[in-house]
Amino acid sequence: MIQKKKLHDLKLSLRDLDYDEGIKISVNSTNEKIFINKNILDQYVVEFTGTESNEIKYYDNLNEVIDDVKKTYDNNFHFIEY
């Protein structure tokens, strides 16, 4: 239940994200972090750090972001808004 709630809360936070706000996701078992912002084209800009190679991806919709985070980190994360 807690893991589903985290994904649900993340989805709500991303949906309401404004251009001057961001979300930092920390992966529980590693030093990996994910930073998510929106650009002026209303795309989600997602920066994956702490891996062998840092990577930036652009997503056009919220479900793509959630699916990629869920697939990659299997609900093993927590997040904060900034």
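Residues numbered from 1 in each chain as written. Predicted model: local features only at pLDDT ≥ 70, side-chain atom pairs only at ≥ 80, totals over all residues. Heavy atoms only, no water.

Caption draft 1: A look at the sheet that holds strand β2 (residues 33-38). Spatially, 5 strands are ordered β4-β3-β2-β1-β5 in an open sheet, and the strand pairing comes out antiparallel. Edge positions in the open sheet fall to β4 (55-59) and β5 (77-81), since each of these has one partner strand only. Neighbouring strand axes in the sheet, compared pairwise and without regard to direction, differ in orientation by 20° on average. Relative to strand β3 (residues 44-49), β2 runs antiparallel, the two sharing 6 bridges. Each residue of the ladder has a partner; that of N37, found in β3, is V45. Contacts from helix α2 (residues 62-73) reach β1 (23-27), β2, β3, β4 and β5, with the element oriented near 15° to β3. (Pairing = 2+ DSSP bridges. Helix = DSSP H or I, 4+ residues; strand = E, 2+ residues; numbered from the N terminus. Axes fitted to C-alpha atoms, helices over the stretch in contact; angles between N-to-C directions. Contact = heavy atoms within 4.5 Å.)

Caption draft 2: Inspection of the side chain of S13 at higher detail. Checked against the element boundaries, S13 lands in helix α1 (residues 2-15). Relative accessible area serves as the criterion here: at 13%, S13 is assigned to the buried category. Beyond its immediate stretch of four places on either side in the chain, S13 contacts I23, F79 and E81. (Buried < 20%, exposed > 50% of the residue type's maximum accessible area, 1.4 Å probe, protein only.)

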